[in-house]
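Structural overview
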Number of protein chains: 2
Amino acid sequence: MDLNQELERVAGLIEWRLDELLSSEPAPSGQERLIEAMRYAALGGGKRLRPFLLIESARLFGVAEVDALDAGAALECVHCYSLVHDDLPAMDDDAVRRGRPTVHVAFGEATAILAGDALQTLAFDILSRPSTHGDPSVRVELIGLLAVAAGVQGMAGGQALDLAAEGETLGPMEVAKMQAMKTGALFSFACEAGAVLGRADDLARGALKAYAAAFGQAFQLADDLLDAEGDEEAVGKAVAKDAGRGKATLVALLGVEPARARLKALVGDAEATLAPFGDKGGTLKDAARFIASRRA
Amino acid sequence: MDLNQELERVAGLIEWRLDELLSSEPAPSGQERLIEAMRYAALGGGKRLRPFLLIESARLFGVAEVDALDAGAALECVHCYSLVHDDLPAMDDDAVRRGRPTVHVAFGEATAILAGDALQTLAFDILSRPSTHGDPSVRVELIGLLAVAAGVQGMAGGQALDLAAEGETLGPMEVAKMQAMKTGALFSFACEAGAVLGRADDLARGALKAYAAAFGQAFQLADDLLDAEGDEEAVGKAVAKDAGRGKATLVALLGVEPARARLKALVGDAEATLAPFGDKGGTLKDAARFIASRRA
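Residues numbered from 1 in each chain as written. Chains lettered and ligands numbered in written order. Predicted model: local features only at pLDDT ≥ 70, side-chain atom pairs only at ≥ 80, totals over all residues.

Within chain A one finds 14 helices and two strands. Relative to a compact globule of 296 residues, whose C-alpha radius of gyration would be 19 Å, chain A shows 19 Å and is just as compact. Across its three principal directions, the C-alpha atoms of chain A cover 50 × 50 × 35 Å. A buried classification covers 53% of the 296 residues belonging to chain A. The long-range share in chain A, meaning contacts at least 24 apart out of those at least 6 apart in sequence, stands at 70%. (Helix = DSSP H or I, 4+ residues; strand = E, 2+ residues; numbered from the N terminus. Rg over C-alpha atoms; globule rule 2.2 N^0.38 Å. Buried ≥ 20, exposed ≤ 12 C-beta atoms within 10 Å, placed from the backbone. Contact = placed C-beta atoms within 7 Å.)

Here it is in structure tokens:
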């Protein structure tokens with residue numbers, strides 16, 4: 001199957017489930033705006049790469065995709081909450097995302113802060129429900145893993161490092177660490193959550209974590225390459241944002257060609273980690289190649 | 001025992017446990033500021049009323065306070081996160097809390113947003129750990145209840161109603177609903193969580209939820225009375241904030257004397273709900289009287 005089609009199909013499933021989960025929240029008078037902002041933030045766009053990785057990882061252990069959908073939706077809620085808060089004027093101050101006004105531009109700052117807060121809460125709410133998994137010990141394990149991935153040791157800590165780094169000169173070690181926390185932690189959760197849902201053994205779980213680490217780095221490097229190369233191409237596009245802000249990227253530190261070589265090596269690493277799964281690992285291998293070659 | 005002393009003793013335990021939980025987060029280079037802001041927000045002040053209610057509710061069913069401490073600390077993390085975000089310039093724009101600069105004044109807005117986010121995450125992290133309770137199904141029940149209390153149906157939804165109400169004329173029904181969500185939901189969680197930890201039967205759980213509802217309303221009314229009455233007393237105190245902002249309170253709608261009578265009735269209600277617990281309910285009865293009579 002073509003990976004692009006498969007990504008779109010799974011993204012459609014996640015979109016549908018998120019819509020359901022957000023529709024089941026009654027919106028009595030006065031709260032419509034908050035719910036609307038949460039829906040705006042969570043629906044209508046995005047490749048849903050993180051839930052895709054979760055679903056595909058779970059599939060390795062025979063978990064039907066419908067049984068991994070809620071965990072994927074919860075993960076996407078955390079990702080979307082982080083985008084809403086990162087875009088705020090006090091943070092990255094971004095006015096446009098996915099071709100639309102960001103949440104605070106469309107709904108105001110107060111509602112954007114609240115919508116982000118409530119999306120994070122919703123993620124843990126979803127994970128606590130039996131629809132995520134019948135076994136409470138599986139649900140509580142997912143919750144603990146997501147909290148660590150999203151918190152000080154992960155995403156929030158990475159964003160703090162990113163903020164602290166503006167105007168500073170970071171070396172490649174520091175940039176890699178910041179990115180591993182800020183974006184890598186949720187990719188890592190995605191793959192590990194699939195293993196938890198599938199009650200995988202430690203070996204398989206370790207292999208998936210190694211895959212996620214390579215995938216996360218490749219994703220970030222590809223993103224930074226797109227940003228850097230856009231600069232040399234069409235004028236007037238919202239690219240070269242990172243350089244303009246003085247944000248450190250590995251591409252800036254390594255140079256474009258060495259970064260490209262590193263990206264290729266990372267995809268090779270990601271593929272190699274999947275060896276224990278044989279043919280079943282094909283989709284995840286394709287996903288690693290896909291994110292490395294994307295042009296938008 | 002004197003309730004004031006008991007409150008201080010339990011507050012000291014919560015402070016100690018929060019300090020431990022926040023110290024166990026390693027703070028590598030670049031993240032010190034985030035951790036420092038989280039500690040600033042969560043430590044050093046507050047009556048810790050919510051964890052107190054949780055611990056005292058659990059005690060009714062024979063749960064030792066040390067076994068309710070982590071659930072109480074998690075609840076306090078959510079309360080503190082909400083204070084940090086509510087104080088932000090885009091929200092209530094408060095510069096002082098508990099006699100100290102608010103988090104965004106002390107650490108900047110970006111760090112305040114992140115610290116609030118990470119405190120919410122930490123709350124669910126704590127609840128997912130075996131130290132909260134040995135049985136995963138108890139932990140996952142606490143997580144689900146806290147998520148509902150903190151989310152769109154509870155605290156965050158109430159804050160959205162509060163924001164939407166500025167400049168509007170709310171009736172008493174709407175004010176009561178907003179307050180039940182914004183502040184009542186966490187009090188309700190506190191008492192219900194105690195019942196969950198104590199594996200209480202539905203009857204006892206229902207009684208505690210009724211107590212929490214009366215307690216929450218009494219707490220809010222006492223708070224509003226303090227704000228309204230301070231106005232007539234000393235000049236130069238940061239009181240009459242609500243009226244100055246055009247925020248609707250039940251005191252403004254009912255008048256001071258009727259509000260006082262209503263407060264007394266609510267304390268009576270709270271006490272009555274505790275009848276099933278006999279003498280064991282004494283501390284919670286004292287707590288309802290205490291918050292109704294506080295002068296600061």
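Every buried residue of helix 2 (residues 32-42) of chain B is accounted for by B:Leu34, B:Ile35, B:Ala37, B:Met38, B:Tyr40, B:Ala41 and B:Ala42. As for helix 2 of chain B, its buried residues are in contact with helix 8 (155-165) of chain A together with helix 1 (3-23), helix 4 (69-86), helix 5 (103-107) and helix 6 (109-128) of chain B. Following helix 2 of chain B by one or two positions, B:Gly44 has its phi on the positive side, about 75 degrees.

Take the nonpolar core next. In terms of nonpolar packing, the biggest core is built from 207 residues, with A:Leu146, A:Ala218, B:Leu146 and B:Ala218 touching the most fellow members. Leaving out residues up to four positions away in the same chain, B:Ala218 has contacts with B:Leu263, B:Leu266, B:Val267, B:Ala270, B:Ala288, B:Ile291 and B:Ala292. (Core = buried A, V, L, I, M, F, W, Y, C linked by C-beta atoms within 7 Å.)

Turning our eyes to something else, we now look at the interface of chain A and chain B. Between chain A and chain B, the residue contacts involve 41 residues of the former and 41 residues of the latter. Those elements giving two or more residues to the side of chain A that touches chain B turn out to be helix 2 (32-42), helix 6 (109-128), helix 7 (136-150) and helix 8 of chain A. A per-element tally of the side of chain A that touches chain B places helix 6 of chain A first, with 12 residues. Within the side of chain A that touches chain B, the residues separate by chemical class into 23 nonpolar, 11 polar and seven charged. (Nonpolar A, V, L, I, M, F, W, Y, C, P; charged D, E, K, R; others polar.)

Another aspect to go through is unusual backbone geometry. All names here are of chain B. The backbone of Arg-48 sits at a positive phi, close to 55 degrees, despite the residue not being glycine. Here Arg-48 lies in the loop between helix 2 and helix 3 (49-59). The exposure class of Arg-48 is buried, given the 24 C-beta atoms found within 10 Å. Unlike most non-glycine residues, Arg-98 shows phi in positive territory, near 50 degrees.

Turning our attention to the relation of the copies chain A and chain B. It takes a turn of 180 degrees to lay chain A on chain B, together with a shift of 0.0 Å along the axis; the resulting RMSD is 0.0 Å. The transformation just described matches what one would write down for a two-fold rotation axis. (Least-squares fit on C-alpha atoms with pLDDT ≥ 70 in both.)

Right, let's talk about the packing of helix 8 of chain A against helix 6 of chain B for a bit. The geometry of helix 8 of chain A relative to helix 6 of chain B is characterised by a closest axis approach of 10 Å and an angle of 165 degrees between their N-to-C directions. Considering the angle they form, helix 8 of chain A stands roughly antiparallel to helix 6 of chain B. Seen from above, helix 8 of chain A lies across helix 6 of chain B with left-handed handedness. Between helix 8 of chain A, through A:Ala156, A:Gln159, A:Ala160 and A:Leu163, and helix 6 of chain B, the contact on the second element is made entirely by B:Ala110, B:Leu114, B:Asp117, B:Ala118 and B:Thr121. Tallied by class, residues from the contact of helix 8 of chain A with helix 6 of chain B come to six nonpolar, two polar and one charged. (Axes fitted to C-alpha atoms, helices over the stretch in contact; angles between N-to-C directions. Parallel < 35°, antiparallel > 145°, perpendicular 65-115°, else oblique. Left-handed = near helix turned anticlockwise from the far one by under 90°.)

The next subject is helix 7 of chain A. Given a rise of 1.5 Å per residue, 15 residues ought to cover 21 Å, and the 21 Å separating the end C-alpha atoms of helix 7 of chain A matches this to within 8%. Most of helix 7 of chain A sits inside the fold, with 11 of its 15 residues counted as buried. Those residues of helix 7 of chain A not exposed but buried are A:Arg139, A:Val140, A:Glu141, A:Leu142, A:Ile143, A:Gly144, A:Leu145, A:Leu146, A:Ala147, A:Ala149 and A:Ala150. The inward-facing, buried residues of helix 7 of chain A abut helix 4 (69-86), helix 6, helix 8 and helix 9 (172-197) of chain A together with helix 6 and helix 7 (136-150) of chain B. (Expected span 1.5 Å × (residues − 1).)

All names here are of chain A. Mean pLDDT over chain A: 92, with 92% of residues reaching 70 or higher. Segment residues 232-237: pLDDT under 50, and one contact once partners within four positions in sequence are set aside and those in other chains are kept. For this predicted complex, the interface confidence score (ipTM) comes to 0.94, while the overall pTM stands at 0.95. (pLDDT = per-residue confidence, 0-100.)

Moving on to the environment of A:Phe290. Along the chain, A:Phe290 turns up in helix 14 (residues 282-293). With 71 residues separating them along the chain, A:Phe290 and A:Phe219 place their C-alpha atoms 9.5 Å apart.

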